[in-house]
Each structure stands twice: as C-alpha cells, then as structure tokens.
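Fold and contact review
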Amino acid sequence: MSDVVIKVENLSKKYIISHQGQEKYTALRDVLANGVRSMFNRGIVDPLKRLSSKSTTQQLNASSIQPLNDSTEDFYALKDISFEIKQGDRVGIIGRNGAGKSTLLKILSRITEPTSGRIEITGRVASLLEVGTGFHPELTGRENIFLNGAILGMGKVEINRKFDEIVEFAEVERFLDTPVKRYSSGMYVRLAFAVAAHLEPEILIVDEVLAVGDAQFQKKCLGKMGEVSKEGRTVLFVSHNMEAIRRLCNRGILMEKGQVVSAGNTESVINGYLESGITNQSEFLIAPPKDPDVNGFAYKIIVEDFEGSPANEILMGQPWQVRILFKINKKTEHFIIGLGMLTNLSFRVRTVWSKPVTLEPGDYQAIFRENSLQLTTGRYLLLIGLSAHERTFHYVEDAGFLKIAEFSDGLDIPRVDCGLILNQLQVVIERSSSQR
C-alpha cells in the first residue's frame, strides 16, 4: 500500500478578471445639466419659457447613461502544479504574498473547485484557513465544537471524548456558552485550532491564521502540530515565519506566481526563498487592500540613504531612512503608522510607531530615520501597519527589505557572528575596592 496521502497532478485554478475603462457612468444631474447647456448654446429655448413650459419637458433616455468599457483577462492563481506528500510529512508551504499558497490550501480543503488537474487525498482533512472558517457566528462555542466535529465526520461520542481537552487547549471556558460572534479574533482562532487539531484528522491544514494569536498560543499550536505529526498524521503549514517553518517542518514547498519553484528539504527550500529576494532594489510597490471603503493604504516603500537618495544597500554603520508613501481616503483621527524589522528567520529586531495625528483625505509620506542603531550585515524584512484608534486597517508583511552591506575603513568592526547590533556599550575597567 502506498504511503502517499496527497497527490496533485497538473493542478490549475483560473479566475476571470475584469478591467474597467477610464470612462465613468454619467450621473443624472450631468445629463440634465448638459442638455440644458446645449439648448442654451443653440438658442433653442429661452430659460424663462423653459422653466414655465410643461410641454418642453425633456425625456431621459436609457441610452444617455454610458456604461464602463470592460475588458477581461484570464488570471491563473495556480498553473499546472504537481507534487506528492507522504503520510506523516510536515510540509511548510512558503512564498511571497500572491504566490498561490492560500488558493492551493482551499482547493485541498475542498472549499474551492480547481479549474483543471487531479487531486487524490487519502484520509480525513481538517482545515484552519481563515478566522471564522467553519463556525456559525450565532452559535455558541460549545455548539460550534459539535458542529465542526460533525462536519469532520465525527460522532457525538467521539466529540464528547475530546470535548474537555479542546476547551482546555482553547482557553475559552468562561465564554463557552457565548455566541462566537462576540469572540475576539484571538479567541476565535484558539477555538478553531483546538477543534481542528484535537478531532484526530489524518491531514491537518493550517494557514497563516495563527499569526492572529499571541506568541504563547502560537508556540502552543506549533507544539500541538508537532505532536500530530509524531502520531503519523500529516501537516500542511503556510507561514511567513521561517523560523516556525524550520522548527516544525521536515519538507518545504516554495511557490511563486502560482507555480511550484522547488520542493524538498526544508532548509534548502527556505534558503532558496530567501536568496531569491536579494536584488538591487530600493523601491517596493504595495498592493492596496481589497476593501474599497478602508480609511487608507500604503502604496510604496523606499529605502534611502540619509540624504534621501534611493539606496539598494546601506553600508554597515552608516545612517539610513525608510520612506513610506500612503493615501488617506477619509478624515482619520488618531492615525498611527508603524514600521517593523525582522531578520530572514523572522526574528523581530524592532518595531517603531509615529505619534497619533489627525489626517484629512490626501497623499502623505512617513519618513523613518535611523542614525544611531548600527546593524550587522544581512537582509532585514520590513513590515508596515496603518491604524486608527488602535485598529489596523492596512497591514503588510514582507513589504520590502533593507540590505546592510559589509564595510571596512580600517576600523575593527565586529563580525556578523557577534550579534545583530554593532553599537558598543561603554566599558570601564578599574580596580575593585573590595575583594570577593
């Protein structure tokens, strides 16, 4: 009997994307105004007679409203991908935003239908893809546990046997009989993960949704996924946290533009992913959020030297700055923009925020200047967040990167293996006044 539990052959997922032309619909007031203006210009009607006469009422034709010029194109979120996953494998799926990772997991979870290709799955699948997936907001936490168990094919006896363990893991005892629509996003994820992991699926699929939880819960989840894999079950894990992928997974799959770039040993796949992003680039475009009613969004990030010139790398020990261009769509009070820095292994170096301000609609830029912190050589990932009243409305991981290059001017500069920060502490050596 084969130990392959997931077999994907020539899998594709195509979407039809509409592009709207620049011509907009003509509003009713514009049609009326243009009609009146046209008659005045031609001398057809006297304005006073026009207002008093009922016989000259103009009829509005449906043909006066001009539709947008639409065109469509085929977009492949996945394009002819093939791979196999064996029983007990812990597979980390990595790649930049838009690479097709989430689409792949939705197809494997039978949430989305593929356009073409073939999938063979052996065993019961439990998925945690988005906050709230599989939960009914009006039902309580207790009821949703039984609902999810039933969806996974569990009987009531089996769910009862795992019930206390699920509740203890999720840490929602006090709110067990509260409708989940009143849960915070963190509580939602804790309960959803606990259900998915404890009802003994043969295949556990987890997307980046764990990032919603706090650090302690993320560690708890990684430990549970490790236990699941030791029991012979299979785990598929999507994350931008390379250190979590490295610790948990024994295999990796790197995706780019809907295709599998490489698959194999976790370490080699991660290294290939990190190296692929090292380019001579100083400007990074950012896709706007999907919600058109959002307060605003960042659209470009630029790494510069301290004089404000774009720089694809900064010499070690030299000052630098990061410029973020963003748009505000409506008046936003208590606006804050933040910049975070991570190492290639997703170790958080620092996070800094602006002071709260009130912004009117328009285009803005935020400049984060650094002239004191000295970093060792390497590539540092940049993440940004825009928020109002402590609610983040645009958050982008892997928005760009800052590359620190090696530099030596004859000084004795510490090497990379001495740590991330070069700044030296003041050291005083003196004779002790007392003997120890």
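Residues numbered from 1 in each chain as written. Predicted model: local features only at pLDDT ≥ 70, side-chain atom pairs only at ≥ 80, totals over all residues. Heavy atoms only, no water.

**A closer look at helix H4 (residues 141–151)**
Listing the buried residues of H4 in full gives Gly141, Asn144, Ile145, Asn148 and Gly149. Along the axis of H4, the buried positions cluster into a sector of 135°, meaning they face one direction only. Contact partners of the buried residues in H4: helix H5 (156–170) and helix H6 (185–198). Just downstream of H4, Gly153 is the residue with a positive phi angle, here 90°. (Buried < 20%, exposed > 50% of the residue type's maximum accessible area, 1.4 Å probe, protein only. Helix = DSSP H or I, 4+ residues; strand = E, 2+ residues; numbered from the N terminus. Arc of directions from axis to C-beta. Contact = heavy atoms within 4.5 Å.)

**Comments concerning the sheet that holds strand E6 (residues 203–206)**
The six strands lie next to each other as E5-E6-E7-E3-E8-E9, forming an open sheet whose pairing is mixed. Since the sheet does not close on itself, it has two edges, and those belong to strand E5 (125–128) and strand E9 (259–265), each with one partner. Across the sheet, the axes of successive neighbouring strands diverge by a mean angle of 15°, strand direction being ignored. In this sheet, strand E7 (residues 234–238) lies alongside E6 in parallel orientation, the contact comprising four bridges. Bridge assignment links Leu204 to a residue of E7, and that residue is Val235. Along the sheet, H6 contacts E5 and E6; its crossing angle with E5, the most-contacted strand, is approximately 165°. (Pairing = 2+ DSSP bridges. Axes fitted to C-alpha atoms, helices over the stretch in contact; angles between N-to-C directions.)

**Comments concerning H6**
End to end, H6 covers 20 Å across 14 residues, agreeing with the expected 20 Å (1.5 Å per residue, within 8%). Within H6, 13 of the 14 residues are buried, leaving the element largely enclosed by the surrounding structure. Two residues or fewer after H6 comes Glu200, characterised by a positive phi angle close to 55°. (Expected span 1.5 Å × (residues − 1).)

**Some points on the nonpolar core**
Within the largest apolar cluster, 47 residues are counted, with the highest numbers of intra-cluster contacts made by Ile94, Ile145, Leu191, Phe193, Met225 and Phe237. Sorting the residues of this core by element identifies E5, H5, H6, E6, helix H7 (215–230), E7, helix H8 (242–248) and helix H9 (266–276) as the ones contributing at least two each. Counting residues in each nonpolar core, the second largest holds 37 residues, with Ala311, Phe326, Ile337 and Leu383 among its members. (Core = buried A, V, L, I, M, F, W, Y, C linked by side-chain atoms within 4.5 Å.)

**Structural notes on the confidence of the model for the chain**
Model confidence for the chain is summarised by a mean pLDDT of 78, while 77% of its residues fall at 70 or above. Within the chain, the element-level pLDDT minimum falls on helix H2 (residues 47–52), averaging 39, and the maximum on strand E16 (residues 357–359), averaging 93. This model gives residues 44–69 a pLDDT under 50, and the stretch forms 31 contacts once residues within four places in sequence are excluded. Note that residues 408–416 has pLDDT below 50 and, in this model, ten contacts with residues that lie over four places away or in other chains. (pLDDT = per-residue confidence, 0-100.)

**Here's the deal with the side chain of Thr234**
Tracing the sequence through the fold places Thr234 in strand E7. With residues near it in sequence (within four places) discarded, Thr234 still touches Val5, Ile85, Lys86, Gln87, Gly88, Asp89, Glu202, Ile203 and Leu204.

**Some thoughts on the packing of aromatic side chains**
The final tally for this structure, using the stated rule, is seven aromatic pairs. Summarising the aromatic geometry, the rings of Phe326 and Tyr364 are spaced 5.7 Å apart at their centres and angled 20° between planes, so their arrangement reads as stacked. Of the two residues, Phe326 sits in strand E13 (residues 320–328) while Tyr364 sits in strand E17 (residues 362–370), which places them 38 residues apart along the sequence. Ring pairing ties together the aromatic residues Phe326, Phe335, Tyr364 and Phe393, which thus form one cluster. The ring centre of Tyr15 lies 5.1 Å from the NZ or CZ of Lys13, which sits over that ring. Above the ring of Phe169, the side-chain terminus of Lys220 is found at 4.7 Å from the ring centroid. (Phe/Tyr/Trp six-rings, centres within 6.5 Å; stacked < 30°, edge-to-face > 60°. Lys NZ or Arg CZ within 6 Å of the ring centre and 35° of its normal.)

**Notes on empty space enclosed by the protein**
Taken as a whole, this structure holds one cavity of 30 Å³ or more when the rule is applied. In this structure, the largest cavity occupies an estimated 30 Å³ of space. Taken together, Leu315, Met316, Gly317, Gln318, Trp320, Leu373, Gln374, Leu375 and Ile404 form the lining of the largest cavity. For the lining of the largest cavity, the residue count by class is six nonpolar, three polar and no charged. (1 Å grid on protein atoms, 1.4 Å probe; cavity = no way out; pocket = protein on both sides within 12 Å on 5 of 7 lines; lining within 4 Å. Points joined across faces, edges and corners; volume = space filled by probe spheres on them. Nonpolar A, V, L, I, M, F, W, Y, C, P; charged D, E, K, R; others polar.)

**Some points on unusual backbone geometry**
A positive phi angle, close to 50°, is found at Asp80, a residue other than glycine. Counting through the fold element by element, Asp80 comes out in strand E2 (residues 70–86). For Asp80, a relative accessible area of 45% corresponds to the partly exposed category. Even without glycine at this site, Glu390 takes up a positive phi of about 65°. Counting through the fold element by element, Glu390 comes out in the loop between strand E18 (378–388) and strand E19 (391–405).

**Looking at the environment of Arg323**
Tracing the sequence through the fold places Arg323 in strand E13. Exposure remark for Arg323: the relative accessible area of 15% places this residue in the buried category. Each C-alpha atom of the pair Arg323 and Val303 lies 6.4 Å from the other, and the pair is 20 residues apart in sequence. Ignoring anything within four residues of it in the chain, the contact list for Arg323 reads Lys300, Ile301, Ile302, Glu304, Gly308, Gln365, Ala366 and Ile367. A polar contact is formed between the side chain of Arg323 and the side chain of Gln365, at a distance of 3.0 Å. (Polar contact = N/O pair within 3.5 Å; in protein donor to acceptor, adjacent residues only side chain to side chain.)

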